[in-house]
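Residues per chain are reported as follows:
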Amino acid sequence: MKARRMIRSFIWVVVVVACLFLSSVAQASDYLGQFCWQSSVDGSIYVFAVNDMGNFHYLLNGRVILPGGSILPLSGSAEAGQQGDNTAVYVSLNGGLFGSSLTESFSLNWALNLSTLNGTGAGIMIGSNYQGQSTIAVIQDTLNFVFCP
């Protein structure tokens with residue numbers, strides 16, 4: 001009888017601790033919604049689900065829709081901070097494509113004005129085909145905050 005009560009108490013403690021743990025994990029980030037930017041260079045649309053991780057740290061997961069309709073996955077992070085006299089959001093993104101004849105990877109960095117969410121970006125793209133030929137391209141862009149398609 002006493003052993004049964006101890007087992008019930010133990011199970012109750014485990015359930016309470018699990019509930020507390022799961023509620024703290026669920027509150028670790030707040031989903032802010034879907035946000036989109038358009039490239040002024042080629043018209044690509046960047047679509048991100050943005051999560052606020054707290055203390056001006058943001059997690060971004062999404063895709064870039066290229067002018068021909070191809071979709072590439074992207075992920076990254078954003079930080080709010082000072083840029084001169086303006087508060088800005090600094091974004092770092094990574095993505096890539098693994099195809100049957102071509103592999104590309106790219107890294108982008110954006111600086112967005114906090115009041116408009118428009119800004120500039122720069123990055124690098126590295127591509128290679130299976131014949132051993134590689135290409136490197138520098139990316140310079142202006143980004144405009146737009147309604148998501």
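Residues numbered from 1 in each chain as written. Predicted model: local features only at pLDDT ≥ 70, side-chain atom pairs only at ≥ 80, totals over all residues. Heavy atoms only, no water.

(A) Representation of unusual backbone geometry in the model. With a phi angle near 55°, N55 is a residue other than glycine that sits in the positive phi range. According to the relative accessible area criterion, N55 is exposed, its value standing at 68%. Even without glycine at this site, F56 takes up a positive phi of about 65°. Look at F56 and you get exposed, because its relative accessible area is 55%. (Buried < 20%, exposed > 50% of the residue type's maximum accessible area, 1.4 Å probe, protein only.)

(B) Molecular detail of the state of the cysteines. Under the counting rule described, the total for this entry stands at one disulfide. There is a disulfide in this structure between C36 and C148, and the S-S distance comes to 2.0 Å. Because the sign of the S-S torsion sets the handedness, a value of about 115° for the bond joining C36 and C148 places this disulfide among the right-handed ones. Within this pair, whereas C36 is found in strand β1 (residues 30-39), its partner C148 is found in the segment after β8 (134-146), the two being separated by 112 residues in sequence. C148 gets classed as partly exposed once you look at its relative accessible area, which sits at 28%. (Disulfide = S-S within 2.5 Å. Helix = DSSP H or I, 4+ residues; strand = E, 2+ residues; numbered from the N terminus.)

(C) Representation of the environment of S101 within the structure. Mapped onto the elements of the fold, S101 is located in the loop between β5 (86-98) and β6 (102-113). Residues contacting S101, with those up to four places away along its chain left out, are S128, N129 and Y130. (Contact = heavy atoms within 4.5 Å.)

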